[in-house]
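Notes for the structure review
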Amino acid sequence: MTHRRRTALLAVGTLTAGLLLAAPQSASAANLIKNPGFETAGTGDMPACWSKSGWGDNDFTFTTTSDAHSGSKAMKVELTRRAEGDRKALITESTECAPLVTPGKQYDLGLWYKTTTPDAAITLFRHDTTAGWQYWTDLKTLDMAGSWTEATVRTPEVPAGTDRISWGVSVYGTGSATTDDYTMDQVPDVTPPPDCTGTAEECANGRWDVLPVQNPVRSMHSVVLHNGKVLLIAGSGNSEEMFEAGTFTSAVYDPQNGSYKVIPTPDDMFCAGHVQLQDGRVLVMSGNKGYPSADGTIGYQGYKDSYIFDPETETYTRTNDMNDGHWYPSATILGNGDVISFGGLKEDSTGSVTAEIFSEAEQQWQPLWKVNQTWSYWGLYPSMILMQDGRLFYSGSHVFGNNIPGTGSAIYDYDANTITQVPGLQNKDERDQSASVLLPPAQDQKVLTLGGGNIDTNPDANRLTDIIDLKQPDPSYVAGPPIPQGTVDFGNGRVAQTGDQGKMYVSAVLLPDGKVLETGGALHNRANPVFETSIFDPETETFDPVAVDPEARGYHASAFLLPDGRVMTTGDNPGNGSWNHNVSVYTPPYLFKGERPTITSVIDTEWNYGDTQRITVDRPVAKAELIRPAAVTHSSDPNQRFVDLPLSVDGNNVDLNVTSNPNLAPPGWYMLFAVDANGVPSVAKWVHLQGPSALKAKDASAHVHSFADDLSGKVKGPGKKRSAQPVSPTVSGCDRHYGSANVCVPTDFPPTVKATTKARCDWLKANDYGRLKLNGKDDPLRLDLNKDGIACGKKDLKRR
C-alpha cells in the first residue's frame, strides 16, 4: 500500500448519512440530458449517449439492469476488486450527447441511485474549446442507499472557454452504484443589483486603515486561531538584546475589540515553523538557539525544542524534541493529520538534511528510524504543498540565496521516497522570499508562485509569476502575467518602479471570493520597500491593481485573512534593525458591494469527509467554501487553501457537499464562507473537519485522481546518509562585521551602489543605519578606512 493511499485510508471510510433535498427549481422545463434513463440502446453494449470510463487497477462490470427507478432500464457499475482508481458511466463526450453550457452560468444536476459502497461520487468533466475534454471536479459523495434515493447538486460557475460538460457517478471502492433518471437544468440568474456602499474609489479598489493600537511585540509569525483571535509570535523579535535578556514574547490579538494580550513565551521562537493541528492547537517547531558570532564565523543556530500553543488556555506546552535543530523549517499537515517538516539550520549552523514527522496519533515527533529519509537539503522555509494524492509539491519558494540544485521545483513522493524535478520555474535562483499559493479552489490543483529576489547577489527583485497545473500528466510551470508595478522608496520618498523592478517579501492571501490578494514587499535585501497591492483572478489569470497598504511591509511582515473577510498586515524589519509596530487592515472591494449574505445557522459544526452538511442563509448564494486559517511567516504558508463546497439548494436551505479526500482539505478547523453572485462573502462560521474515528473500512479510500503520474523530470532516490549540509554563516545575507546581530549590513549592496566607501556609506545613511561599530579587526566592505572601530565616520569618507 502506498503512503498516499494509506493516508487516505486513515481518514475516510463509511460515511454518515447526509441530508438530501427535494429537486431544485429549474430554469427551463427541458432536461438537458439525452437518454437520461438509459432506455435507448446504443450501438455497442452501452446505452445511447453513455460511455464507459475510469482508470487504475481494479476489476469491474458495467451492466444495463432492469432494476430501474422508472422505465425498464438503469445503469449498474460495480467494482469487485480495487487497488486504485475508479470506474464510471459518463455522458458520452461528443457534440451529439454532451449538454451545451454557457460560461458563467451554474447548473443543477440530479439523479436517482442505489449504492452498496460508501465510495461513490458525482464527477464532472468539461470541454475546453482550446484544450479539449478534461476532468473538472468531484461534486458530491453519495451516501450508501439500499433503496432508490435522489441526489442533487449544483455545479460551480462554468469556466470561460467551456462549451459542454459531461458527468456521471464514479465508483472508487468495492461495491456498486446503480443510477437512473438523470436531470440537468440551468440555474436562474439571482445576481443582486450592484449597490456601492462606499466611495467610488473604495468600491473599485477597497480601503486600507492603519489601526490606532500598535502591535506590542516584534512578531514575524501570524496564526489565525479557530476562536477568531490571532497568535502573533515574536520570540526575541530578531533582537540580540532581547535574546541575551531571555525576553521572548508572543501576543494574542482579538479583532473583535482590537486588544492585545502579551503571552509568556518559553523559548526563542524567532524564525520557527508552525502549523495548526487537527484539534486547532498550534504546533511550533524549533527556533533560534543562538545568533551569529560577532566575527562572522558562526551563523544562526536552530534548536530541537518544540511546543504546542493551546488557544483555549493561551499557554505553550513542550513536546518531545525533534531529531535535529531546524531554524527556518517547513511545516505541512498531511491528510491523516500528521505534520511533515524539512530544512532549516541545525544547532551548529549547518543545514539539516533530516525529514521530521509529528504523529497525530502519538502526539509526538517520531524517531529517525520511523521516518523515510532522502538526506536532501531543501533549504530554508521551503514551500511544500500537499497534493491531492498525498505527495508534496516543492514550489521553489524559499528563503535566502539560491534555490536547490536542478530545476528549482519538484514533487516528493514520501512512500516511494523519490524526488522528481519539475521544469518551468523562471529564474529559479531569484525566487528568494517569493510567495506560493494553492489557487482557489484546491480541487483545481493549480499553484501560483510570484516575485522574489536573491539576498546574496542582491539584484532588483523581479515581477515574475509562474503557474503550474498539477492535474496534468507531466506538469510544468508556465509563465504567468507580471506583477503590477507600484512605487519604491530608495530613502528619499517614493518613486515609480521602472524596467523589470518587482518585489521580494511578497505576501499572498486567499480571499473568499476565490481571488488572491498580493501585497507588500521590497526591492532589495531588507531595503527599499515597494508599495503595490493587487488582486489576482485565477479564472482569467490577470492582476487588478487596488488600494495600497500605506505601511512598508518587507522582511518579517505578514498578511492574513480575518474571519470577517478583511486582510490584516503586520511587521517590517529593515536592515537598520528597526521594527514597524503599525498594523494595517484592508477592506476589499467586495465589502463595498452592498449588504453581505449571512449564514443564519449551521446545523452541525463537526464535519466528516464526504458529508452533506446543511446551512441556512438569508439570501441566495452562488458558492460556499472552506478556507484554512493562516499560519504564515516569511511570505510562506504552504497550508493555506480554499476548498470548494458544491451546493444543493432549496430556498434558503443549502446543503454543502464536503470532499471525501483529506489531502484536499487536511483535518482541522476551517472558516466557512457563503458568497453571493456579486462575490460578496458572509462573515465566516468556524467548522471542524476530520475523519470519524469509527470509520475503518479496509476498502474505503479518498477519491484520488491520476494527476501528475507521468513525470519526465530527473528522478532522485535516497542519497547516502549524512549528518548535514554545509551552509555559509552569511546565509542571511548580512555582514556581521558591522553593528549588532539585528542589524543587516548587506554582504552585497544593490547594483546601483558603487563599490566605494562613500557610495556604500551614503546608502547606509539613506537607509537610517545610524552608528555602526566594527566587530573585530576585519573590514571586508572597507567602511572603516581610518581604523577607529566605527564604520562610515567622517574621516572614513575623506580617505580614498
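All of the points below concern the structure found in this document. (Residues numbered from 1 in each chain as written. Predicted model: local features only at pLDDT ≥ 70, side-chain atom pairs only at ≥ 80, totals over all residues. Heavy atoms only, no water.)

**Quick word on the overall build of the protein**
Using the following cut-off: Secondary structure is summarised from DSSP: a helix means a run of H or I of at least four residues, a strand means a run of E of at least two, and numbering begins at the N terminus for each. With the radius of gyration taken over C-alpha atoms, the globule rule is written as 2.2 Å times the number of residues to the power 0.38. When a residue's accessible area, from a 1.4 Å probe over protein chains only, is under 20% of the maximum for its type it is buried; when over 50% it is exposed; and in between it is partly exposed. Whether two residues are in contact is decided by their heavy atoms: any pair within 4.5 Å suffices. Accessible areas in this description were obtained via Shrake-Rupley with a 1.4 Å probe; residue shielding takes into account the shown protein chains only.
A count of helices and strands for the protein gives five helices and 57 strands. At 27 Å, the protein has a C-alpha radius of gyration in line with the 28 Å of a compact globule built from 800 residues. C-alpha extents for the protein along the principal axes are approximately 100 × 60 × 50 Å. Residues classed as buried in the protein amount to 64% of the 800 residues present. Sequence-distant contacts, at least 24 apart, represent 65% of the contacts inside the protein between residues at least 6 apart. For the protein, the accessible area works out to roughly 27700 Å², and carbon and sulfur atoms hold 50% of it.

**Digging into the sheet that holds strand β1 (residues 50-55)**
Defined as follows: Between any two strands, pairing holds if DSSP finds at least two bridges. The angle between two axes is taken between their N-to-C directions and runs from 0 to 180 degrees, where each axis is a line fitted to C-alpha atoms and a helix contributes only its stretch in contact.
Strand order in this open sheet of five strands is β1-β4-β9-β6-β7, and the pairing throughout is antiparallel. The open sheet has two edge strands with one neighbour each: β1 and β7 (132-141). Strand after strand, the sheet turns through a mean of 30 degrees between neighbouring axes, direction not considered. By the bridge criterion, four bridges tie strand β4 (residues 86-91) to strand β9 (residues 162-171) in an arrangement that is antiparallel. Each residue of the ladder has a partner; that of A89, found in β9, is V169.

**Points about the pattern of salt bridges**
The line we're drawing: For salt bridges, the criterion is a side-chain nitrogen of Lys or Arg within 4 Å of an Asp or Glu carboxyl oxygen.
Overall, the coordinates contain 31 salt bridges when judged by the stated rule. The partner of D189 in a salt bridge is K105, with the nearest N and O atoms 2.8 Å apart. Here the residue D189 occupies a position in the loop between β10 (175-186) and α2 (200-205), and K105 occupies one in the loop between β4 and β5 (107-115), the gap between them amounting to 84 residues. For K105, a relative accessible area of 21% puts it in the partly exposed group. K503 is the salt-bridge partner of E532, the closest N and O atoms lying 2.6 Å from each other. Taken together, the residues E532 in the loop between β39 (527-531) and β40 (533-537) and K503 in the loop between β35 (494-496) and β36 (507-510) connect sequence positions 29 residues apart. Note on accessibility: E532 and K503 belong to one class, buried. One network of salt bridges, in which partners are shared, links D57, D59 and R81.

**Let's talk about a positive patch on the surface**
Filter applied, for reference: Patches in this entry comprise residues that are over 30% relatively accessible and not in a salt bridge; like charges within 9 Å are linked, as are nonpolar side chains (Val, Leu, Ile, Met, Phe, Trp, Tyr) within 5 Å. His is not counted, nor are the chain ends; Lys and Arg add positive charge and Asp and Glu add negative charge. Every charge is mapped to an atom, namely NZ of Lys, CZ of Arg, CG of Asp or CD of Glu.
Together, K765, K794, K795 and K798 make up a positively charged patch on the protein surface. Looking at the positive patch, the element that brings in the most residues is helix α5 (residues 794-798), giving three residues. With respect to the secondary-structure elements, K794 resides in helix α5. Using a relative accessible area of 73% as the deciding quantity, one classes K794 as exposed.

**Re the sheet that holds strand β27 (residues 392-394)**
Remark on secondary structure: sheet strands pair via backbone hydrogen bonds, oriented parallel or antiparallel. Here five strands make up an open sheet; going across it, the order is β26-β27-β28-β29-β55 and the pairing antiparallel. If you trace the sheet from one side to the other, it starts and ends with β26 (384-386) and β55 (715-716), each paired once. Of the strand pairs in this sheet, β27 and strand β28 (residues 410-413) are connected by three bridges, and their pairing is antiparallel. Each bridged residue has a counterpart across the sheet, and for F393 the counterpart in β28 is I411.

**Comments concerning the packing of aromatic side chains**
Inclusion rule: For Phe, Tyr and Trp, rings pair up if their centres lie within 6.5 Å, where Trp contributes its six-membered ring, and each pair is then called stacked (planes under 30 degrees apart), edge-to-face (over 60) or tilted (otherwise). The criterion is that NZ of a Lys, or CZ of an Arg, lies within 6 Å of the ring centre and within 35 degrees of the ring normal, and then a charge sits over that ring.
With the rule as written, the count across this model stands at 32 aromatic pairs. Here F243 and Y291 contribute two aromatic rings whose centre-to-centre distance is 5.2 Å and whose plane-to-plane angle is 70 degrees, an arrangement assigned as edge-to-face. Linking F243 in helix α3 (residues 240-245) with Y291 in the loop between β18 (288-290) and β19 (301-302), this pair joins segments that are 48 residues apart in sequence. Residue classification places F243 among the buried positions, given a relative accessible area of 18%. By relative accessible area, Y291 is classed as buried at 7%. Ring pairs connect the aromatic residues F243, F248, F270, Y291, Y300, W327, Y328, Y381, F400, Y505 and Y555, which therefore count as one cluster. The ring of F531 is capped by R494, whose NZ or CZ atom sits 3.6 Å from the centre of that ring.

**Quick word on helix α4 (residues 757-766)**
Looking at α4, one finds that the buried residues are T757, A759, R760, C761, W763 and L764. Looking at the buried side of α4, the elements it contacts are β39, β56 (772-773) and α5. Following α4 by one or two positions, D768 adopts a phi angle in the positive range, close to 60 degrees.

**Quick look at the pairing of strand β6 (residues 120-128)**
The element β6 is extensively covered by neighbouring structure, given that nine of its nine residues are classed as buried. Of the two faces of β6, both are covered, the one formed by A120, I122, L124, R126 and D128 as well as the one formed by A121, T123, F125 and H127. As paired elements, β6 and β9 share nine bridges and run antiparallel to each other. Within the sheet, the bridge partner assigned to T123 lies in β9 and is G168. Sheet analysis places β6 next to β7, joined by eight bridges and oriented antiparallel.

**A few points about the pairing of strand β41 (residues 542-545)**
As paired strands, β40 and β41 are joined by four bridges and run antiparallel to one another. Bridge assignment links S534 to a residue of β41, and that residue is P545. Where β40 folds back onto β41 in an antiparallel hairpin, the turn is made up of four residues, including E541, whose phi is positive at roughly 50 degrees.

**A few points about the layout of surface pockets**
For clarity, the cut-off: As defined here, a cavity is a set of points on a 1 Å grid over the protein atoms alone where a 1.4 Å probe fits but cannot get out. A pocket is an open set with protein on both sides within 12 Å along at least five of seven lines, and residues line them when an atom is within 4 Å of a point. Grid points are joined across faces, edges and corners, and a volume is the space filled by probe spheres set on the points. Following the grouping adopted for this structure description, the nonpolar residues are Ala, Val, Leu, Ile, Met, Phe, Trp, Tyr, Cys and Pro, the charged ones are Asp, Glu, Lys and Arg, and the polar ones are all others, Gly among them.
In this model, the second largest pocket occupies a volume close to 690 Å³. Residue lining of the second largest pocket: 29 residues in total, with Y377, N403, I404, P405 and Q725 positioned closest to the centre. Considering only residue class, the lining of the second largest pocket consists of 13 nonpolar, 12 polar and four charged.

**Examining the side chain of S383**
Position of S383 relative to the elements: it lies in the loop between β25 (364-365) and β26. On the accessibility criterion, S383 (3% relative accessible area) is buried. Discounting chain neighbours no more than four positions away, the residues touching S383 are F393, Y394, S395, S397, S436 and P638.

**Some words on unusual backbone geometry**
Omega for the peptide link from P440 to P441 comes to -15 degrees, which places this bond in the cis form. By the element assignment, P441 lies in the loop between β30 (435-438) and β31 (446-450). Of note in this structure, D181 is not a glycine but carries a positive phi near 55 degrees. Within the fold, D181 resides in strand β10. Of note in the backbone geometry, R526 takes a positive phi value of approximately 55 degrees without being a glycine. Of the residues examined, R526 reaches a relative accessible area of 6% and is grouped as buried.

**Examining the state of the cysteines**
Definition in use: Here, two cysteine sulfur atoms that lie within 2.5 Å of each other are counted as a disulfide.
As enumerated under the stated definition, the model contains four disulfides in all. One disulfide bridge connects C196 with C203, the sulfur atoms lying 1.8 Å from each other. With the S-S dihedral at roughly 85 degrees, the linkage between C196 and C203 falls on the right-handed side. Sequence-ordered numbering of the bonded cysteines in the protein gives a pairing of 1-2, 3-4, 5-6, 7-8.

**A look at the nonpolar core**
Just so we agree on the cut-off: Put simply, buried Ala, Val, Leu, Ile, Met, Phe, Trp, Tyr and Cys residues joined by side-chain atoms within 4.5 Å make one nonpolar core.
In this structure, L450, L517, F560, L561, V567, M568 and Y586 are the most contacted members of the largest nonpolar core, which totals 46 residues. It is strand β53 (residues 668-675) that contributes the most residues to this core, four residues altogether. One finds V422, L438, V602 and L645 within the second-largest nonpolar core, a separate group that totals 36 residues.

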